[in-house]
Amino acid sequence: MEKLNKKDLMSVNGGGITLGVGLLIGAGVVFIIGVIDGFMRPLKCN
């Protein structure tokens with residue numbers, strides 16, 4: 001196994017979730033929860 005120097009470490013691409021994908025997943029979850037809540041507890045508009 002070979003040790004990587006700092007330059008090589010900075011050029012490694014990982015498989016993590018990017019900020020945009022994380023925000024998109026979070027927005028989708030919040031939307032689905034809102035739809036389910038709207039069906040379970042329908043409230044009148046004031």
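Along each chain, the written sequence defines residue order, and numbers are assigned to residues from 1. pLDDT decides what is reported in this predicted model: residues at 70 or higher carry local features, side-chain atom pairs at 80 or more are listed and counted, and totals for whole chains, interfaces and linings draw on all residues regardless. For the side-chain quantities, the full set of heavy atoms in the structure was used; hydrogens and water were omitted.

## What to know about the overall build of the protein
Going along the chain from the N terminus, every DSSP run of H or I of four or more residues is numbered as a helix, and every run of E of two or more is numbered as a strand. Looking only at helices and strands, the protein features 2 helices and 0 strands. With the C-alpha coordinates of the protein rotated into their principal frame, the extents come out at 65 × 20 × 10 Å. Exposure classes here rest on a 1.4 Å probe applied to the protein chains alone. A residue is buried below 20% of its type maximum, exposed above 50%, and partly exposed in between. Scored against the burial criterion, the 46 residues of the protein give a buried share of 0%. Computed with a 1.4 Å probe, the accessible areas rest on the Shrake-Rupley method; for each residue, only the protein chains presented here act as cover. Summed over all atoms, the accessible surface of the protein reaches about 4900 Å², with 69% contributed by carbon and sulfur.

## Some remarks on the pattern of salt bridges
We count a salt bridge whenever a side-chain nitrogen from Lys or Arg sits within 4 Å of a carboxyl oxygen from Asp or Glu. The full count for this structure, using the stated rule, is 1 salt bridge. In this structure, arginine 41 and aspartate 37 form a salt bridge, with 2.9 Å as the shortest nitrogen-oxygen distance. Relative accessible area serves as the criterion here: at 32%, aspartate 37 is assigned to the partly exposed category.

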